[in-house]
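What follows is the residue order along each chain.
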Amino acid sequence: MRFYLVQRILAAVRTVNKEKLDLKKSFSRSTTTVKLMEPDTKPDLSRFKLAPKRKLLSKNKEETHSEPSTSSDHKHIKREHVKIEADEKPKKNWAPSDWEQILANVREMRKNFDAPVDSMGCNKCQEESASPEVFRYQALLSLMLSSQTKDQVTYNAMLKLQKHGCTIDNILATSDEKLGELIYPVGFWKTKVKYIKKTTQILKNNFSGDIPKTVEDLCKLPGVGPKMAHLCMKTAWNETTGIGVDTHVHRICNRLGWVNSKTPDETRKSLQEWLPKELWDEIGLLLVGFGQQICQPVKPQCATCLNHELCPYGVDFINKDLKIKK
């Protein structure tokens, strides 16, 4: 019985081994016979070729030949160059509309000359009896004090300085503490004490106790900017070199649409491009007083202003006010 079983198992093993051998041979034959097929002929791609571009006929040949001409008669026509130009720059003789009428209205509203700038402005802060050099020095000093300061405060500070002795030698001999007491409460008085001392020393050393005669040299002094320099040239030397633009002039010119600027110096440059030079002295004084009395920074009196129909800001202001009341 055992022998029989062993014979059956051996037979089964031989059968399995034979099947594995046959399968292996079959696989090896199939891999050796597989070959890549290469195309005998290339595909026809002629239908994808682009047709040749048609050439344009010249104008003369189109007129003279009624029949279609052959390709040999065609000539290449060069297209005319089209010049693209940038937008034209604003003309130098540009001026805002109705500016003369607006200026006339401002003159009418300022005819009494009763604004603070008319009696206590920087051009009113000098001693009339002083020598020319001292007069010019006081003109420069008053402008340096006026920055970020109301006219009344600047005027009172200059009165105290004149009582103390407002000359180059006397200011240099004055201590910083005493000078601060004299000019207080002008804006940034501590900084201005330093500027006044440095500038006064420069005037004594480099300008023989006088002030510079040009805007360029004035702007090199500590605490002196373009506005002060142009105003000083007029007050001290009686020369018109530019418009003195302070916060009032800057604000009003933008409200009127005369300029579109972000800084007073930009306003000055834009204004000088179109405003006649003979009006440069007048415009500053007129607009400063106008800004102090009527066209104020907060709650301007647009309803009573003669320019409320000509001023873009005034028109908008009144329309908004009417909507609020409704």
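Here, every reference points to the structure presented above.
Calculation notes
Residues numbered from 1 in each chain as written. Predicted model: local features only at pLDDT ≥ 70, side-chain atom pairs only at ≥ 80, totals over all residues. Heavy atoms only, no water. Core = buried A, V, L, I, M, F, W, Y, C linked by side-chain atoms within 4.5 Å. Buried < 20%, exposed > 50% of the residue type's maximum accessible area, 1.4 Å probe, protein only. Helix = DSSP H or I, 4+ residues; strand = E, 2+ residues; numbered from the N terminus. Contact = heavy atoms within 4.5 Å. Lys, Arg positive; Asp, Glu negative; His and termini not counted. Salt bridge = Lys/Arg side-chain N within 4 Å of Asp/Glu carboxyl O.

With 33 residues, the main nonpolar core has Tyr 137, Leu 140, Leu 145, Leu 161, Ile 196 and Leu 218 as its most contacted residues. Mapped onto this core, the elements with two or more residues apiece are α5 (132-146), α6 (151-164), α7 (168-173), α8 (176-183), α9 (189-206), α10 (215-219) and α11 (226-237). Counting residues per element, this core draws most heavily on α5, which supplies seven residues. Not counting residues up to four positions away in its chain, the partners in contact with Leu 145 are Thr 154, Ala 157, Met 158, Leu 161, Ile 183, Val 186, Lys 192 and Ile 196.

Tracing the chain through its elements places Leu 256 in helix α12 (residues 247-256). The spatial distance from the C-alpha of Leu 256 to the C-alpha of Pro 96 is 9.1 Å, given a sequence separation of 160 residues. Setting aside chain neighbours within four positions, we find Leu 256 in contact with Ile 102, Cys 311 and Pro 312.

This next bit is on the side chain of Asp 151. As for its position among the elements, Asp 151 is in helix α6. Here Asp 151 sits buried without a salt bridge, and the closest side chain of opposite charge, Lys 227, lies 8.1 Å off (N-O distance). Not counting residues up to four positions away in its chain, the partners in contact with Asp 151 are Pro 116, Val 117, Met 120, Gly 121 and Gln 292.

In the segment running from Tyr 184 into Pro 185, the intervening peptide bond is cis, with an omega of 10°. You can see Pro 185 is positioned in the loop between α8 and α9. Here Asp 98, not a glycine, exhibits a phi torsion of approximately 60°, which is positive. Its place among the elements puts Asp 98 in the loop between α2 (59-64) and α3 (99-109). In this model, Phe 113 sits at a positive phi of 50°, which is unusual for a non-glycine residue. When you line up the elements, Phe 113 lands in the loop between α3 and α4 (116-120).

In short, shape yes, function no, at least from these values alone.
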